[in-house]
Amino acid sequence: MKKLINLILLIFLLVSCQEGLAPIEKAIIKGKITFVGALPPDSLIKDLRVVAFNNYPPRDIVSEVLTGNAIFTESLLPIKNQECNYFIEIDKFPSTIAYLVVARQYGTLFEWDVVGIYSNDTVNYVPEKIVLSKPATINIDFVVDFNKKLPQPF
Amino acid sequence: MKLLYKFTVLLIISSSLLIAKPKGGLRGTVVDVETNLPVVSSTVRIEGTSIGSFTNREGKFELKSIPIGKYNLLISAVGYETQKIDVLIRENRDTTLEIGLRPKILVAGEVVITANKKVQTVQEVPISLSIIKGNIFNDKSIVTIDKALKYIPAIEVNNDNISIRGSSGFAFGIGSRAILLIDGIPVLSADNGDIKSDAIPFPLIEQIEVIKGAGSALYGASALGGVINLITREPKEKMYLSATSNLGVYTKPKYKSWHISDDLQQLRQVNFAYSQRFGKFGVSSSASYSKDEGYRLYNQEEHSMFYLKTNYNFNDFTILNLSGQFSRSYRDDWVYWNSLDSATRPPTSTNLDNQISSNKYFFAAEFRSIISSNHFFTFKNGFYQTELRNELTGSEYRQSTAQSINSEIQFNSKINELINLTYGLNFINNNVKAKIYGNQNQKYISAYSQAENRFGDLVITYGGRFDAEQTDSIHKDFSKAKVEFSPKAGLAYRTAFNSTVRASIGKGFRPASIAERFASVAFQGFEVVPNTKLKNEKSISMEVGYNLPLIINSVPIILDCSIYNNELYNLIEPKFITNSSPKIQFVNTTRARVTGIDFDAKSMITNYFGTELAFNVMNPIDLDNNKKLKYRSVFSSIIRFIFLFDNFELNADYRYKSKTERVDDELRFQIKNFDARVPVHLVDASLKYKFSDFSIALSSYNLLDYYYTEVPGNLGKTRQIVLSVNYVANR
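The model shown is predicted, which means the values in this text are computed figures rather than measured ones.

Some words on the overall build of chain B
At step 1: Helices and strands together make up the secondary structure of chain B, namely 6 helices and 43 strands.
At step 2: Relative to its length of 731 residues, chain B is compact, with a C-alpha radius of gyration of 25 Å against a globular reference of 27 Å.
At step 3: Overall size of chain B, expressed as C-alpha extent along the three principal axes, is 75 × 65 × 45 Å.
At step 4: A buried classification covers 48% of the 731 residues belonging to chain B.
At step 5: Across chain B, every contact between residues at least 6 apart in sequence was considered, and the portion connecting residues at least 24 apart equals 64%.

The structure is reproduced here in structure tokens:
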């Protein structure tokens, strides 16, 4: 009987050590997107999202998201007042964002182009890497001009 | 068809009431063999039927005017081993019996109904069958069927989705692969083919029987994975009155980001049950109301239910049962979380004003009669209506009114001393008028037969069922109906030491429900599109089991072990049409195999301490791509303890489920942190104090406040503490 009671207590002890799910500590990349110039017609702007890719150059957005190599914001449509805010949460550390862009879907599910790039290079738009080793909040703003041709990786 | 139906009913009733048959009587006394005191309210039933009587305060019973012949009597009572006695009824003579019942230390030799559609002892059943007695619901403050079923090994319950031995994944309960019956009458909704756990007369449930494995050979469509039969209390001469009040709270989660209010979320429930027999007339009734504020924002539920069952004994061999139920519920339309960080809140875009309201109506009539000592019959009719609607407009407006009519006539015949036959006809009509499914009509016509041969200690059963299913908009007329044959064979052999070996093989099938075929609905970012080309899903269940009662050092132990293999064909599962959009269609996707071991050991080690250990290990494989089936746990176990001291009773349960190995990857587009899942460790405990007719219990569900998900984007119930006050008069 004593052994049994000890066994019960052991089970409870082991179970109480289990932690289960918990909120994830996250890094947040957030900022403002400002749209300049004329907006394309609605038929050419079916979706708009900020996408963070782990690799550069990436394959198409859908494949990279499906394989877990990219994450994106909720749809930013409809665009109001020529600007909008975004945020992306990253919960794996360390993590490297090799390519952070604003992407537009202009046709079918696989037809996207890049309309804004996080880069310090205003000529060749070489992507700027973001290395995250712990939870933090990073502010990155974009200026998007739909009429400007940017280097397209896909 | 209607004329033929009415004619059949009249013929049956008149034949049993008017045809003069030679009759005799049976009377007797049931006593405790150890104390020689009368056993009050024991059940005396004729094997194979639910016809019988109950003993009165003096332990006496009487059955008058029984057709002459040889019968097997089953005498059972709570706390006693079931006795089986052969009795001969002679013309115009009363047979008198003196029956002694032996007190039982452990639950064994129970009387069951579901396995072969007749009353028999559990040792004669060739398949795995689990039983939960209604009295434990009060002990553990259980007030819903989903909570009750969680105490059965190898059953997983997620919302209204019930999976027996891995038969189901997760589809919001749509297209249940387990059939739910109330007193043998199906209660699956006509549109979704699902189980409505809030429309059950829970306070009056006396026993839950669960068949693990395909049961289509007797129960037809939907019994692909198993059968759950809820048996309500039969009115006895002694009045049964119970009233229960539960008041509970959800404690605040450890993490501040999961707090949804400054106050504790509350849970309130009251229920009443009454049952009594007045001569030939018996009445049972229950009513319940519950309001659960939920542990998540936008997750409130409010349910009310009323149930009434009456029965009238024309004589001791002809009984009419009439029952009716109405239930009403309102609930928030919670589907998934905003994110793991805010796991107790819905997505920010959710319209929090939208509620789902639903009504359910259930009416049933059952007529049972003994035609002669060798022939019994039962005629059952059930009507089940479900109504559902939400408060949104446009493509998100959901509304459905669904009616299911079920008529069944069943005969039990003793062909000779060795062979018993159970056979019958069944007709089901599902009619749906819904914005989301269109106007649809689905019919089943079925015939079944099962023989049971006895060779000493060996019982062999074999039989099958033909089901023809026709849905108007698919098969045009009944000549184009799809016919399925579901055979079954099994054996139960009582060996030395009272142990039983059982083996069975049977087929199960399920046609797509109306919802799976015709759903055209948008909700919470998902869009479901119809698929009228769905084929029937099928299963072949095989199992070998062994039941061994033991006594080691004066300690009684019951061991039960099954090895099973379920082959599943054309499983209907919700599937994302493309890899990247939340558009879902039900499709025949999977050829699967679930092989496993189901083990249960229980013992009352001393008079004040008992324990049970049960586990299920299975390998659920999707054979099409050689991966584990989605939403199944490979290992699950339950460890239970009960301590009794004076008027106190302490129950503690630990339930474990290994992490589900696969979920739908496409959910990542809709549900943040869809992949957040861990093994499940749940501890429930309750302490009860009994005095006179009252008891007070303090119970906790998820005592250690462990956080887990069973369904993507859905945090499991956090710690709940409930104070219950219960009054039971049985006099």
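Things to note about the overall build of chain A
At step 1: Of regular secondary structure, chain A possesses 2 helices and 10 strands.
At step 2: Start at the N end of chain A and walk to the C end: the helices and strands fall as α-β-β-α-β-β-β-β-β-β-β-β.
At step 3: If one aligns the C-alpha atoms of chain A with their principal axes, the spans along those axes are about 80 × 30 × 30 Å.
At step 4: Considering only intrachain contacts with a sequence separation of at least 6, the fraction spanning at least 24 residues in chain A is 70%.

Here we look at the sheet that holds strand β6 (residues 83-89) of chain B
All names here are of chain B.
At step 1: Taken together, 4 strands build an open sheet; the order of strands is β3-β2-β5-β6 and the sheet is antiparallel. Both outer strands of the open sheet, β3 (52-54) and β6, are each paired with one neighbouring strand and no more. On average, each strand axis in the sheet is inclined to that of its neighbour by 20 degrees, with strand direction left out of account.
At step 2: As judged from the 4 bridges shared by strand β2 (residues 43-46) and strand β5 (residues 69-76), these two strands associate in the antiparallel manner. When the sheet's bridge partners are listed, isoleucine 46 is paired in β5 with leucine 73.

Notes on the interface of chain B and chain A
At step 1: The partner chain A presents 14 residues to the 21 residues of chain B that form the contact.
At step 2: When residues of the side of chain B that touches chain A are traced back to their parent elements, those giving at least two are β37 (635-645) and β39 (680-691) of chain B.

Quick notes on the domain arrangement of chain B
Residues and elements named next belong to chain B.
At step 1: What the domain assignment lists for chain B is domain 1 (2-101) and domain 2 (111-304 + 315-344 + 354-730).
At step 2: Using C-alpha coordinates to define each centre, domain 1 is positioned 31 Å away from domain 2.
At step 3: Counting from both sides, the interface comprises 31 residues of domain 1 and, opposite them, 28 residues of domain 2.
At step 4: Within the residue set of the side of domain 1 that touches domain 2, elements represented by two or more residues are α1 (2-18), β3, β4 (60-67), β5 and β6.
At step 5: Per-class residue counts for the side of domain 1 that touches domain 2 are 14 nonpolar, 11 polar and 6 charged.

Points about the pairing of strand β1 (residues 23-32) of chain B
Residues and elements named next belong to chain B.
At step 1: One ladder, built from 6 bridges, connects β1 with β4; its direction is antiparallel. In the sheet register, threonine 29 faces β4, and the bridge partner there is lysine 60.
At step 2: Of the strand pairs in this sheet, β1 and strand β7 (residues 94-101) are connected by 8 bridges, and their pairing is parallel. What sits directly across from glycine 25, in β7, is aspartate 94.

Brief notes about the environment of Phe526(B)
At step 1: Secondary-structure assignment places Phe526(B) in strand β31 (residues 526-529).
At step 2: The spacing of Phe526(B) and Val39(B) is 487 residues in sequence and 59 Å in space, taken between C-alpha atoms.

Observations concerning the sheet that holds β7(B)
All names here are of chain B.
At step 1: Strand order in this open sheet of 3 strands is β4-β1-β7, and the pairing throughout is mixed. Only two strands of the sheet have a single partner each, and these edge strands are β4 and β7. Within the sheet, the average angular offset between the axes of one strand and its neighbour, ignoring direction, is 20 degrees.

A look at the pairing of β5(B)
All names here are of chain B.
At step 1: Sheet analysis places β5 next to β6, joined by 7 bridges and oriented antiparallel. Directly across from asparagine 72, in β6, lies its bridge partner aspartate 86.
At step 2: Counting the residues that bridge the hairpin from β5 to β6 gives 6 residues, and of these glycine 79 lies at a positive phi of roughly 90 degrees.

Calculation criteria
Residues numbered from 1 in each chain as written. Chains lettered and ligands numbered in written order. Predicted model: local features only at pLDDT ≥ 70, side-chain atom pairs only at ≥ 80, totals over all residues. Helix = DSSP H or I, 4+ residues; strand = E, 2+ residues; numbered from the N terminus. Rg over C-alpha atoms; globule rule 2.2 N^0.38 Å. Buried ≥ 20, exposed ≤ 12 C-beta atoms within 10 Å, placed from the backbone. Contact = placed C-beta atoms within 7 Å. Pairing = 2+ DSSP bridges. Axes fitted to C-alpha atoms, helices over the stretch in contact; angles between N-to-C directions. Domains from an automatic or database assignment. Nonpolar A, V, L, I, M, F, W, Y, C, P; charged D, E, K, R; others polar.

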